[in-house]
Structure formats: C-alpha cells, structure tokens
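What follows is the residue order along each chain.
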Amino acid sequence: MEHIRFILIQNRAGKTRLAKWYMQFDDDEKQKLIEEVHAVVTVRDAKHTNFVEVISVADSLSVLQFRNFKIIYRRYAGLYFCICVDVNDNNLAYLEAIHNFVEVLNEYFHNVCELDLVFNFYKVYTVVDEMFLAGEIRETSQTKVLKQLLMLQSLE
Amino acid sequence: MRSCVLSVFLFHRGEGFSGLFLLAVASVTLNYVKEAEIKRINKELANIRSKFKGDKALDGYSKKKYVCKLLFIFLLGHDIDFGHMEAVNLLSSNRYTEKQIGYLFISVLVNSNSELIRLINNAIKNDLASRNPTFMGLALHCIASVGSREMAEAFAGEIPKVLVAGDTMDSVKQSAALCLLRLYRTSPDLVPMGDWTSRVVHLLNDQHLGVVTAATSLITTLAQKNPEEFKTSVSLAVSRLSRIVTSASTDLQDYTYYFVPAPWLSVKLLRLLQCYPPPEDPAVRGRLTECLETILNKAQEPPKSKKVQHSNAKNAVLFEAISLIIHHDSEPNLLVRACNQLGQFLQHRETNLRYLALESMCTLASSEFSHEAVKTHIETVINALKTERDVSVRQRAVDLLYAMCDRSNAPQIVAEMLSYLETADYSIREEIVLKVAILAEKYAVDYTWYVDTILNLIRIAGDYVSEEVWYRVIQIVINRDDVQGYAAKTVFEALQAPACHENLVKVGGYILGEFGNLIAGDPRSSPLIQFNLLHSKFHLCSVPTRALLLSTYIKFVNLFPEVKPTIQDVLRSDSQLRNADVELQQRAVEYLRLSTVASTDILATVLEEMPPFPERESSILAKLKKKKGPSTVTDLEDTKRERSVDVNGGPEPAPASTSAMSTPSPSADLLGLGAAPPAPAGPPPSSGGGGLLVDVFSDSASVVAPLAPGSEDNFARFVCKNNGGGLLFFNREMMCVKKWFLFLLGRMFIFYGNKTSTQFLNFTPTLICSDELQPNILGFITKPVDPTVEGGAQVQQVVNIECVSDFTEAPVLNIQFRYGGTFQNVSVQLPITLNKFFQPTEMASQDFFQRWKQLSNPQQEVQNIFKAKHPMDTEVTKAKIIGFGSALLEEVDPNPANFVGAGIIHTKTTQIGCLLRLEPNLQAQMYRLTLRTSKEAVSQRLCELLSAQF
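Quick notes on the rules
Every chain is numbered independently, its residues counted from 1 as its sequence is written. Lettering of chains starts at A and numbering of ligands starts at 1, both following the order in which they are written. Owing to the predicted nature of the model, reporting of local features is limited to residues with pLDDT of at least 70; listing and counting of side-chain atom pairs is limited to 80 or more, with chain, interface and lining totals taken over all residues. Hydrogens and water molecules were not included; the side-chain quantities draw on all heavy atoms of the structure. Helix numbers and strand numbers start at the N terminus; a helix is a DSSP run of H or I with at least 4 residues, a strand a run of E with at least 2. Buried residues are those whose accessible area, probed at 1.4 Å on protein chains only, stays under 20% of the maximum for their type, while exposed residues exceed 50% and partly exposed ones sit between those limits. Reported accessibility uses the Shrake-Rupley method at a 1.4 Å probe radius. Residues are deemed covered only where the shown protein chains occlude them. What makes two residues a contact is simply this: any of their non-hydrogen atoms within 4.5 Å. Throughout this description, the term salt bridge denotes a Lys or Arg side-chain nitrogen within 4 Å of a carboxyl oxygen of Asp or Glu. Nitrogen and oxygen atoms within 3.5 Å of one another constitute a polar contact, given that in protein one can donate a hydrogen and the other can accept it, and given that sequence-neighbouring residues count only through two side-chain atoms. The quantity called pLDDT is the predictor's confidence in a given residue, expressed from 0 to 100. Only strands that DSSP links by at least two bridges are regarded as paired with each other. Axes here mean lines fitted to C-alpha atoms, for a helix over just the part in contact, with angles spanning 0 to 180 degrees between N-to-C directions. Buried Ala, Val, Leu, Ile, Met, Phe, Trp, Tyr and Cys residues form a nonpolar core when they are joined through side-chain atoms within 4.5 Å. For the domain bounds, the source is a domain assignment made automatically or taken from a database. Any angle that falls under 35 degrees is termed roughly parallel, while one over 145 is termed roughly antiparallel, one within 65 to 115 roughly perpendicular, and all others oblique. Helix crossings get a hand from a simple test, with the near helix turned counterclockwise from the far one by less than a right angle marking a left-handed crossing and a clockwise turn marking a right-handed one. Three residue categories are used. Nonpolar comprises Ala, Val, Leu, Ile, Met, Phe, Trp, Tyr, Cys and Pro, charged comprises Asp, Glu, Lys and Arg, and polar comprises the others, including Gly. Aromatic pairs are defined between Phe, Tyr and Trp rings, using the six-membered ring for Trp, whenever the two ring centres lie within 6.5 Å; interplanar angles under 30 degrees are classed as stacked, those over 60 as edge-to-face, and all others as tilted. Placement of a charge over a ring requires the Lys NZ or Arg CZ to be within 6 Å of the ring centre, with the centre-to-atom vector within 35 degrees of the ring normal. Note on definitions: the grid is 1 Å and covers protein atoms alone; a cavity is a set of points where a 1.4 Å probe fits but cannot get out; a pocket is an open set with protein on both sides within 12 Å along at least five of seven lines; lining residues have an atom within 4 Å of a point. Grid points are joined across faces, edges and corners, and a volume is the space filled by probe spheres set on the points.

### Let's talk about the overall build of chain B
Next up, step 1: Across its full length, chain B holds 41 helices and 16 strands.
Next up, step 2: Considering chain B as a whole, with its 950 residues, one finds that 58% of them fall into the buried category.
Next up, step 3: Here chain B has roughly 39,400 Å² of accessible surface; of this, 53% comes from carbon and sulfur atoms.

And the structure:
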C-alpha cells in the first residue's frame with residue numbers, strides 16, 4: 001500500500017522545522033530517520049536527482065534489508081522539504097506536491113521564511129492537514145486551500 | 001551553529017514566548033547556549049506546571065497558551081510528561097483556536113492512556129455530531145493522524161455514514177474519505193464493506209475535484225483488497241480521466257497547475273486503474289486507449305510554459321500512464337510509443353527525467369512487446385554509465401543494462417559492466433559483480449567465455465567477489481566437462497601474475513586440485529610446476545585458503561604420484577604439523593597420514609573427483625534478490641510470471657519472497673544449478689581425529705555394541721563442527737564415516753567399511769525421515785549401493801539433505817545386512833542439526849542491538865542458565881560459537897567477557913534471522929545463553945543444541 005510515510009522540513013543545520021508522521025514509528029526510529037534524511041539530502045547538489053532511496057530503519061525486523069522507501073525532496077533557500085514515500089510511488093507527482101505546498105505557505109504567510117514556520121508551527125500543521133491527510137494528497141487547489149485557511153483564521 | 005540568527009531574531013515579534021522562540025531558532029551547539037536553553041525550558045516547565053496545579057481555575061485562553069507552549073517545547077526535542085489532561089479539556093471548548101491546539105497536542109503526543117482515550121473519543125464523537133464543518137474537520141483530522149485501534153473501534157462504523165450523507169459539506173467529505181482510509185489501513189477488520197461502498201465509488205463522479213481526489217485514494221486502497229466489490233470504479237475512473245485529459249487548460253480553473261489539468265488526480269486515477277486488468281468492455285477500453293494516446297501526444301507538443309513545474313506536472317502524468325501501459329502489457333503500439341518517449345528522456349538535460357526514464361525502461365525491458373525497442377537504446381545507456389554524475393542514476397543504468405541483456409548483446413553488456421567496475425563506486429560494486437556473474441552464466445554459449453569473465457571479475461574487483469560467485473564458477477566447471485581443461489589452463493595462467501587476489505588462489509587451488517591432470521601433459525604446467533605455483537601463494541593467504549590449498553595438495557598426491565614426496569615434505573614441515581591453527585594442523589596431520597598409509601585404491605576413492613552438483617536456483621541470483629529486494633531484480637521470466645498472476649488473480653501484489661523460489665523456466669536451467677557450494681574443505685573422509693584411520697587399518701577396534709553405539713554422544717559431537725568429517729559409528733564388523741558439505745543443501749558422503757574378511761550380503765542402507773507425511777528435513781540417497789560388500793572393502797554413498805523448515809529430529813540411517821549367517825540391523829541418527837543450515841551474518845553493534853530490540857516479543861526469546869560442563873576457556877568458546885555456524889561478533893557487547901553471535905538459518909521455505917548472546921560467569925562456573933529469533937521453535941532448538949556444548 002503506497003502512501004506518504006512522513007513529511008519533514010529541515011534546515012541545513014539539521015534542525016527539524018516540521019515533522020508529520022503517517023506511520024507508527026517509535027521515538028528512536030523517528031530520530032534515526034530524521035538524521036538519516038538530513039545526512040543523505042544535504043550532500044546532494046543540482047546535478048543530482050531530487051530522489052533518494054534509503055534503507056529503512058523501521059523495517060530492520062527482518063535481517064534482510066530491502067530498499068523500500070524513497071525520499072523526494074526540494075530545497076528552498078536554507079530549507080529542505082522532504083516527503084518519504086514508497087519506492088513505487090510517482091516521484092514527480094510528489095515533487096510538485098511539495099512545490100504546491102510551498103506556494104500555499106508562501107501565499108498564506110506572505111513570503112514565508114524559516115521563522116514563520118517556527119513561530120506559527122500550529123498553523124503550519126493546519127496547512128499540512130488541509131493538503132495531505134492520512135498519507136494521501138487531500139486537496140491540490142491552492143485557491144480552495146487558501147480560502148479555507150482564511151476562514152479558519154477568521155475564527156481566531 | 002549559526003549564532004548570527006540570534007541577532008536577526010531579536011527584532012522579531014513574539015507574543016509572550018519570545019524567550020523560548022529565541023532559543024529554538026538559534027541552532028547553536030555551543031555548550032553554554034545548550035545549557036542555557038535547558039535551564040530556560042526547565043524554568044518555563046516549572047511555571048506551566050504551577051499554573052496547571054494552581055488553585056485558580058485557568059480560563060480557556062491561558063490553558064491554550066500553556067498547552068501550546070508545552071507542545072512547542074516538545075517539538076524542540078524535550079520530553080513532556082504532563083498537560084495531557086489540559087489538552088483534552090481544550091477539546092470541549094467552543095472556540096476554534098482552543099479546540100485546534102487541543103487536537104494538535106493529542107495528534108502529536110499520542111498517549112495510549114486508556115482513560116484519556118475514552119475522553120478523547122468522547123470529545124471526537126461530540127464534534128462529529130456537531131454538524132459544524134470546522135469542528136467535524138478537526139475531529140476527522142485527529143482520527144486520521146492517530147489512527148489507533150481504539151479509534152477504529154469507536155468510529156469505523158460512523159465515518160462511512162458521514163462520507164456518503166447527502167448534506168455533508170465537500171471539505172468534510174474529503175477528510176472523511178481519507179480518515180476512513182487510515183482506519184482501514186490500521187484495522188481492516190473493523191471496516192466492513194457495505195451499502196456505502198457503491199456510493200463511495202460514485203464519488204468519482206463528484207463535481208468537486210477535491211472530493212474526487214480524496215475518494216480516489218480511498219477506492220484504490222479498498223480495491224486492492226476487494227477487487228470485485230469495486231469493479232465498477234474502472235469505467236467511472238476512465239470517463240473521469242478522459243474528461244480531464246481532453247479538457248482545455250483553463251476548464252478546470254482551480255485544479256489546473258501550471259497549465260496542466262488536475263495532474264495529481266490524473267495520477268491517482270491512473271494508479272487506481274493499475275489495480276485491474278485492461279477493461280473488458282470494448283467501449284471503456286477504447287476510451288482508455290484514447291486517453292493514453294492523448295497523454296503520449298501531449299508529451300510531443302511544445303511546452304505551454306518554460307517553468308519546470310509545468311514539465312514536472314505533465315511528466316508525472318506521463319510516467320503514470322506509462323506504468324499503466326506496462327501493467328496492462330497488452331498494446332504493443334502503446335508499449336513501443338512509451339519506449340520511444342522514454343528514449344527521448346534518456347538524453348534530457350534534467351537529471352530527474354533521465355533517472356526516471358532509466359527506471360521506467362527497466363520494466364519495459366521485461367515486456368516481450370517492447371524488449372527489442374528498449375535494446376535500441378543500449379549505446380545511450382552505456383554512455384550514461386560513463387558520464388552521469390549522480391551515482392543513483394548510474395545505478396539505474398546498470399539495472400537497465402541488466403534488464404535489457406539477452407543472448408544477442410550479452411558479450412557487449414558484460415564487457416561494459418566489467419570496464420565500469422574498474423571505476424565504479426564502492427557502494428555498488430558488489431551488486432555489479434553479482435549481475436555480471438549472473439549474466440555471464442545465463443547467456444554463456446561458450447563456457448570458456450564464462451570462465452574468462454569470472455576470472456576477470458576476480459582480477460578487477462576481487463574484494464567484492466563474494467563466496468557465492470566463486471563457489472558458482474567451481475560448480476559450473478565441475479558440472480561441465482567440456483570446460484574443465486580450459487578452466488585449468490586459464491587459472492594456471494592467471495596464477496602466474498605476481499600479485500593475484502586471494503579469491504583467485506581459491507578458485508585456482510580448487511580447480512587444479514580437481515582438474516590439474518588435464519594440463520599436466522604440457523611440460524610448462526607439469527605437476528611439480530603446478531604445485532610450486534600454488535605453494536608460492538600459500539604463505540600470503542588466510543587460514544581458510546591455506547586449508548583449501550592443503551586439500552588441493554592431498555588431491556595432487558592422488559592425481560600425481562610423482563609429486564607425493566614433495567608434498568609429504570611440505571606437510572611434514574613444522575609450519576604445517578605444528579601450526580597454531582587447529583584446522584591447518586589437523587589437516588596436515590591427517591593428510592600426511594592418509595598419504596602414508598592408504599593404498600592407491602583407497603586414495604582414489606577418498607579423493608575422487610567431485611560429483612556434479614544438483615540443479616537448483618543459482619545461489620548468486622538468490623543473493624542478488626536478497627540484496628536488492630525481490631521486486632527490483634528484473635528477470636524476464638520472473639516478471640512475466642508475476643505479472644500474469646497479477647492480471648488473472650486480481651490485484652494481489654507480486655509475491656514478496658522469492659529468495660526461496662526456484663526458477664523452473666527453461667532459460668533458467670543454468671541458473672538453476674545447485675545452490676550448494678562446495679565447502680572450502682577438500683574431500684578427505686576424516687577430520688574427526690586421526691584415530692579413524694587407525695581404525696580402518698588396524699584390528700584394534702574392540703567395540704562390540706551391535707546397535708548404534710553411543711549415537712547420542714556422537715550426535716552432540718557434531719553440533720559445533722563445521723562441515724567436517726568424522727566417524728558416525730563403528731563396530732567390529734563395519735564402520736561408517738561421513739563427510740559433508742553444507743550450506744543450503746547438505747551433502748553427506750557415507751563410507752561403509754567392511755572390516756572383516758567375510759562378505760556382507762543384502763547390504764541395504766535406508767533413510768528414515770522423522771515425519772514421513774510432512775518432513776521438515778529430507779534425506780535422499782542418490783544411488784543404492786551394491787548389496788554385496790566384499791571383506792575389507794569400502795563403499796561410498798552420497799546422501800543429499802534438504803532442510804524444508806526448522807526441525808528437531810534428524811533422519812535416521814538404517815543399515816541391514818547379512819554377515820556370516822546372522823542378520824544385522826543398525827540404526828544411527830545422522831548428525832544433522834538445525835544449526836548446520838546457519839549462515840553467519842556480520843553486523844555492527846548498533847545494528848545488532850536494533851535487531852535484538854526488534855525481537856523482544858517473549859515468544860521469540862529463549863534463555864537457558866546452566867552449569868559449565870567443560871573448562872571455561874574463551875578461545876574454545878569462540879571456536880564453538882563459530883563452529884555452531886553463527887558469526888562471532890566482536891566489540892558488540894559492552895561487556896567484553898560476553899559473546900554475541902548472529903546468523904541466518906536457511907531453509908527451503910524461509911530464512912530465519914537468529915541472534916545469540918552467551919554470558920559466562922566464571923565465579924559461579926555458569927553460563928547464561930539467550931537466543932532470539934523470529935520463530936519460537938527455532939530459538940528453543942538452537943538454545944538446546946548450543947547449551948549442550950559448554
């Protein structure tokens with residue numbers, strides 16, 4: 001069953017700015033995944049693809065390890081937006097899902113910067129939930145998402 | 001690390017928690033700042049705690065503020081052990097912001113505290129019933145994030161109703177669909193199919209594309225498990241897709257992304273269609289074909305925008321369409337068009353597209369319709385191997401070359417892979433070695449080419465040539481007599497190089513030991529020259545290789561009597577006879593003795609040429625599958641078969657475990673050679689103590705017990721002996737010894753010796769397997785022996801052993817014969833224990849404990865505390881653990897006195913990972929042994945066997 005395993009936003013120093021998990025991981029596994037993603041993503045440059053296959057730590061129950069996850073990532077200034085999906089998932093669809101998400105954040109926070117994500121972490125979770133739910137793409141229309149976000153903001 | 005962030009930050013707004021934020025933003029690792037952060041946070045936590053505990057009831061706003069702060073502190077990476085109750089209280093607030101923070105806290109810090117779960121579920125229930133779409137949304141998002149079984153129990157019945165109710169708002173429908181999907185994933189048994197399913201399918205027709213997007217994900221997942229129930233979704237998905245792809249770029253307004261109409265929905269619909277075979281209804285099928293053609297046509301049109309977003313979105317749909325075309329594998333025209341399109345991408349300036357094209361073409365290569373079309377791109381792919389900067393792209397190029405390889409291009413592809421291997425990244429060398437070895441074997445018309453290729457592999461990347469590979473070349477040479485002379489000549493020449501890889505010495509030693517006689521006629525490779533050449537490498541080699549060379553030497557004694565004195569001199573030297581390594585010493589002693597006392601007949605029998613190996617799946621292919629995961633090894637036959645299962649048998653995913661699957665397809669014949677590699681040990685009949693040979697040739701044996709004397713003791717003796725030989729039992733009349741080579745398939749050589757001067761008549765050995773109906777361990781006698789055994793004669797029999805599943809009772813060898821008018825009946829249990837099927841696994845400390853932790857289920861662990869029966873010597877213990885078959889892992893256990901080991905039990909049906917830990921207590925003269933494996937019976941059995949050894 002293919003779906004998003006987690007979404008991570010990290011800065012270049014490896015600080016996590018958002019982590020949304022769509023699968024059961026224990027705290028150690030989460031930490032290991034966060035470090036692993038940071039290690040594999042930050043060494044890559046423009047000549048590399050936006051996709052990295054990783055050996056899962058969560059699946060280490062079997063002594064044999066299979067390549068079953070991949071990270072699809074995109075870098076915006078000092079931030080890496082990473083989505084972890086099944087190896088069979090559509091790379092470009094998730095690559096553009098990241099961009100769609102970033103455009104919504106940019107619109108919502110009026111030129112989003114790293115600090116916006118830190119200050120307004122609870123709003124960022126709301127944006128994520130509007131666009132991705134249960135590891136699936138929920139809504140792709142920027143207009144619809146922003147309309148909903150503004151409606152919720154008016155309730156504050 | 002960047003303290004400059006601090007200064008930027010000082011000017012930033014903050015509503016009361018700026019101190020905390022300040023520390024959060026500064027990703028500073030300087031210790032004093034770290035300490036300051038912890039201090040500041042502890043102060044803040046104390047403050048919040050006192051607020052929560054205070055007499056004054058907090059108003060909703062303050063409660064929200066503090067819960068939010070706690071959440072923030074948690075997200076900074078600090079533990080939070082309070083505030084859950086306050087968060088739950090927020091759920092019942094009527095203010096959106098308070099409710100939202102409450103739900104967020106619950107979603108992020110899931111707590112399985114049952115009392116709270118009840119309260120949380122209650123709040124969710126109220127919100128679901130509130131008819132307030134905002135609150136319903138929050139509640140659904142919380143369920144979708146937590147997705148616990150308790151929640152499934154509480155809401156799996158309710159959510160389908162929300163989903164299909166006529167008056168539900170669109171945004172709530174979207175959330176409900178995905179919420180249900182999450183519950184179905186975690187607890188499918190709690191989501192019964194029902195009337196709602198047909199209404200869910202009709203959501204594919206919904207006006208709101210967001211609802212369709214969410215519903216498509218739900219339907220895809222449900223259809224994978226219940227294909228019949230959701231069959232009607234095919235035609236609906238096709239017509240929806242058709243409307244999208246034929247729409248003008250402005251028709252879909254909000255859902256058009258950089259001029260591409262609803263790209264994500266299109267991808268999802270195409271994935272849904274991959275759950276099913278091509279539509280049977282010709283109209284639907286025609287419409288789908290049109291859609292796919294339109295998508296392929298659009299790829300050829302000039303782009304509507306230069307932005308990468310446009311091309312990515314468009315190509316996301318294109319790649320998914322190609323996946324569907326490959327999945328259907330029924331329209332040659334579409335398959336070839338897909339291949340041409342991917343061919344263009346192979347030279348695209350975007351690395352992403354080149355990567356994806358290589359990946360996608362790999363699956364196209366396995367379709368009979370497009371295999372030829374894929375092959376036309378060979379030069380581009382080879383070029384990618386040489387020029388791509390990203391190793392993962394080169395890796396895909398290797399995969400594709402492997403997939404497109406057939407008899408026509410094998411020499412070129414193998415040559416290119418070999419030349420790439422010289423500069424390849426270390427991370428992928430082993431895999432390339434395996435691939436080259438498989439292709440060379442599979443497409444060898446001329447086995448001299450195969451031998452050359454493997455020797456080249458060893459020359460170029462000897463360190464990456466695993467045992468499987470060099471075992472395999474030996475198996476093939478042994479099984480094909482047309483190549484034996486050439487192999488002997490070639491290894492002889494290769495060994496002339498002043499510095500050659502140890503693996504070459506192994507192969508060379510083995511092959512010359514078996515077939516050196518085939519080139520001995522040439523004075524340039526006379527027996528003495530062969531021996532001197534091998535022996536010149538001896539001192540540079542590791543112990544296992546030296547052991548193998550000693551076996552070669554004793555084989556030379558049989559093949560070339562003229563070098564016997566030279567070899568005996570070597571064996572007799574102190575560096576052999578008194579070697580510190582027990583194995584080497586023992587071999588030297590026994591071989592020397594054998595060469596001295598045995599007659600030429602006996603030598604010829606004992607040192608006979610290896611018999612051919614049974615035909616089985618290639619151990620190399622099994623290894624590659626193991627390495628890459630079954631789905632990524634593209635084998636034409638395998639893929640075809642899996643795919644046809646897929647189409648006929650519904651959308652069940654392709655079989656996951658193929659490592660145990662044999663490949664009975666015609667072209668895999670050669671791959672299917674025995675999976676049993678010869679053990680490095682040569683074939684002498686004894687390493688179980690020099691006494692054996694004395695038994696054979698002297699009359700001093702005085703044991704009289706007629707039936708299986710001391711069988712049990714013997715049994716225990718063999719447990720920790722790795723592939724050695726030894727005496728099974730003997731009595732005055734007869735003896736029987738065994739010798740085996742074990743890995744996945746065991747082979748035991750049994751020698752029966754008639755020690756009397758009288759004939760044995762009606763001599764019939766039979767094998768009895770423990771459970772005749774469903775044996776877990778099988779033994780096969782390959783060929784019956786002559787019923788008459790002359791006095792003083794020795795006969796040999798080969799028994800093949802196959803481990804089907806874990807077992808405790810070994811097969812019993814029953815021997816009946818008539819001797820001097822009396823009927824003799826002897827039974828002996830073959831010393832085959834489960835650990836004989838061990839393959840050692842090396843791993844680092846971290847991995848070991850990770851796996852150890854994973855096997856923490858009480859049924860997986862078996863522990864035994866017992867008194868030492870033998871002196872507690874560290875080196876002996878180590879040797880026993882290694883002899884038991886597991887890897888001995890050094891520097892893993894924090895206590896250096898303890899021993900830990902790891903290995904995999906290979907059985908025909910499964911592979912079982914095993915971890916073990918032995919803790920000696922010298923003072924008490926006790927051991928504690930702990931076994932953890934994924935199977936209780938295995939843990940139990942291994943623990944019993946190993947405990948008895950100390």
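Moving on from the model shown.
### Focus: the overall build of chain A
Next up, step 1: On a plain count of helices and strands, chain A comes out with 5 helices and 7 strands.
Next up, step 2: Along the chain direction, N to C, the helices and strands of chain A fall in the order β-β-α-β-β-β-α-α-α-β-β-α.
Next up, step 3: Split into buried and exposed, the 156 residues of chain A put 63% on the buried side.
Next up, step 4: Contacts spanning at least 24 positions in sequence make up 50% of the contacts within chain A whose residues lie at least 6 apart.
Next up, step 5: Here chain A has roughly 5,600 Å² of accessible surface; of this, 51% comes from carbon and sulfur atoms.

### Side note on the interface of chain A and chain B
Next up, step 1: Taken residue by residue, the interface counts 69 residues in chain A and 82 residues in chain B.
Next up, step 2: At the surface where chain A touches chain B, the tally comes to 7 salt bridges.
Next up, step 3: Taken together, chain A and chain B are joined by 28 residue pairs in polar contact (both at pLDDT 80 or more).
Next up, step 4: Ranked by residue count, the leading element in the side of chain A that touches chain B is helix H2 (residues 91–108) of chain A, at 9 residues.

### Considering the confidence of the model for chain A
Residue and element names in this part refer to chain A.
Next up, step 1: For chain A, the mean per-residue pLDDT works out to 88, and 91% of the residues sit at or above 70.
Next up, step 2: For chain A, strand E3 (residues 51–55) is the element with the lowest average pLDDT, namely 79, and strand E6 (residues 132–133) is the one with the highest, namely 98.
Next up, step 3: This stretch, residues 56–67, has a pLDDT under 50; its non-local contacts, to residues over four places away or in other chains, come to 43 contacts.

### Focus on the sheet that holds strand E6 (residues 760–768) of chain B
All names here are of chain B.
Next up, step 1: Read from one edge of the open sheet, 3 strands run E6-E9-E10, paired in antiparallel fashion. The sheet is open, and its two edges are formed by E6 and strand E10 (822–829), each paired on a single side. Strand after strand, the sheet turns through a mean of 15° between neighbouring axes, direction not considered.

### A short note on helix H21 (residues 378–387) of chain B
Next up, step 1: Taken residue by residue, H21 of chain B has Ile378, Thr380, Val381, Ile382, Ala384 and Leu385 of chain B as its buried positions.
Next up, step 2: Structurally, H21 of chain B contributes buried residues whose contacts are with helix H19 (351–364), helix H20 (371–375), helix H22 (391–404) and helix H23 (410–421) of chain B.

### Some thoughts on the nonpolar core
Next up, step 1: Counting residues in hydrophobic clusters, the biggest one holds 264 residues, and the most contacted among them are Phe132 of chain A together with Ile124 and Leu457 of chain B.
Next up, step 2: Mapping this core onto the domain boundaries places at least three of its residues in each of domain 1 (1–109) and domain 2 (481–611) of chain B.
Next up, step 3: Those residues within four positions of Leu457 of chain B in sequence are excluded, and the remaining contacts are Leu418, Leu421, Val433, Val436, Ala437, Gly462, Val465 and Val469 of chain B.
Next up, step 4: Among the nonpolar cores identified, the runner-up in size contains 45 residues, and Ile881, Phe899, Leu918 and Leu929 of chain B belong to it.

### Let's talk about the packing of helix H28 (residues 502–515) of chain B against helix H29 (residues 527–538) of chain B
Residues and elements named next belong to chain B.
Next up, step 1: In the contact formed by H28 and H29, the axes pass within 11 Å of each other and the chain directions differ by 150°. Considering the angle they form, H28 stands roughly antiparallel to H29. For the element pair H28 and H29, the recorded crossing hand is left-handed. Contacts between H28 and H29 pair Val505, Gly508, Gly509 and Leu512 from the former with Gln530, Leu534 and Lys537 from the latter.
Next up, step 2: In terms of residue class, the contact of H28 with H29 is built from 3 nonpolar, 3 polar and 1 charged.

### Some points on the environment of Ser366 of chain B
Residue and element names in this part refer to chain B.
Next up, step 1: Along the chain, Ser366 falls in the loop between H19 and H20.
Next up, step 2: With 40 residues separating them in the primary sequence, Ser366 and Ile326 have C-alpha atoms 9.3 Å apart.
Next up, step 3: Within the local environment of Ser366, its side chain forms a polar contact with the backbone oxygen of Thr363, the two atoms lying 2.7 Å apart.

### So, the packing of aromatic side chains
Next up, step 1: Counted by the stated rule, this structure contains 29 aromatic pairs over all chains.
Next up, step 2: A centroid spacing of 6.2 Å and a plane angle of 75° characterise the contact between Phe6 of chain A and Phe25 of chain A, whose relative ring orientation is edge-to-face. Here the residue Phe6 of chain A occupies a position in strand E1 (residues 6–11), and Phe25 of chain A occupies one in the loop between strand E2 (16–21) and helix H1 (27–42), the gap between them amounting to 19 residues. Of the two residues examined, Phe6 of chain A and Phe25 of chain A, each falls in the buried class.
Next up, step 3: An aromatic cluster of at least three residues, connected via ring pairs, comprises Tyr76, Phe81, Phe101 and Phe132 of chain A.
Next up, step 4: A cation over an aromatic ring shows up here: Arg49 of chain B above the ring of Phe82 of chain B, its NZ or CZ 4.3 Å from the ring centre.
Next up, step 5: One residue, Lys435 of chain B, lies across the ring of Tyr402 of chain B, its end atom 5.3 Å from the ring centre.

### Things to note about the pattern of salt bridges
Next up, step 1: For the structure on display, the rule yields 47 salt bridges over all chains.
Next up, step 2: Here Arg587 of chain B makes a salt bridge to Glu583 of chain B, at a shortest N to O gap of 2.8 Å. With Arg587 of chain B and Glu583 of chain B both in helix H33 (residues 582–597) and 4 residues apart, this pair spans about one turn of that helix.
Next up, step 3: Its salt-bridge partner being Glu919 of chain B, residue Arg928 of chain B comes within 3.1 Å of it at the nearest N-O pair.
Next up, step 4: We classify Glu919 of chain B as buried; its relative accessible area is 17%.
Next up, step 5: Three or more residues joined by partner-sharing salt bridges are found here, namely Glu53 of chain A together with Glu359, Arg396, Asp399, Glu431 and Lys435 of chain B.

### Remarks on empty space enclosed by the protein
Next up, step 1: A full pass over the atoms with the stated rule returns 11 cavities of 30 Å³ or more.
Next up, step 2: Taken as a whole, the largest cavity spans an internal volume of roughly 260 Å³.
Next up, step 3: Along the walls of the largest cavity sit 22 residues, with Thr126 and Asp129 of chain A together with Gly137, Leu138 and His141 of chain B positioned nearest its centre.
Next up, step 4: Elements with a contribution of two residues or more to the lining of the largest cavity: helix H4 (121–131) and helix H5 (142–154) of chain A together with helix H6 (96–108), helix H8 (133–146) and helix H11 (170–186) of chain B.
Next up, step 5: Ranked by the residues each element gives to the lining of the largest cavity, the list is headed by H8 of chain B, at 6 residues.
Next up, step 6: In terms of residue class, the lining of the largest cavity is made up of 9 nonpolar, 9 polar and 4 charged.

### Brief notes about the packing of H11 of chain B against helix H13 (residues 209–225) of chain B
Residues and elements named next belong to chain B.
Next up, step 1: It is at 8 Å that the axes of H11 and H13 come closest, and there the two elements cross at 20°. Considered as vectors, H11 and H13 are oriented roughly parallel to each other. When the axes of H11 and H13 are compared, the crossing they make is left-handed. Contacts between H11 and H13 involve Asp170, Lys173, Gln174, Ala177, Leu178, Leu180, Leu181, Tyr184 and Arg185 from the first element and Gly210, Val211, Ala214, Ala215, Ser217, Leu218, Thr221, Leu222 and Lys225 from the second.
Next up, step 2: Of the residues contributing to the contact of H11 with H13, the split by class is 10 nonpolar, 4 polar and 4 charged.

### Considering the environment of Ala887 of chain B
Residues and elements named next belong to chain B.
Next up, step 1: Among the structural elements, Ala887 can be located in strand E13 (residues 887–889).
Next up, step 2: With 13 residues separating them in the primary sequence, Ala887 and Val900 have C-alpha atoms 8.4 Å apart.
Next up, step 3: Beyond its immediate sequence surroundings of up to four residues, Ala887 is in contact with Pro840, Thr841, Glu842, Val900, Gly901 and Ala902.

### Re the environment of Arg546 of chain B
Residues and elements named next belong to chain B.
Next up, step 1: Mapped onto the secondary structure, Arg546 falls in helix H30 (residues 543–559).
Next up, step 2: Beyond its immediate sequence surroundings of up to four residues, Arg546 is in contact with Phe538, His539, Cys541, Asn579 and Leu584.
Next up, step 3: Within the structure, the side chain of Arg546 is placed 3.4 Å from the backbone oxygen of His539, a separation counted as a polar contact.
Next up, step 4: Within the structure, Arg546 has its side chain in polar contact with the backbone oxygen of Cys541 (distance 3.0 Å).

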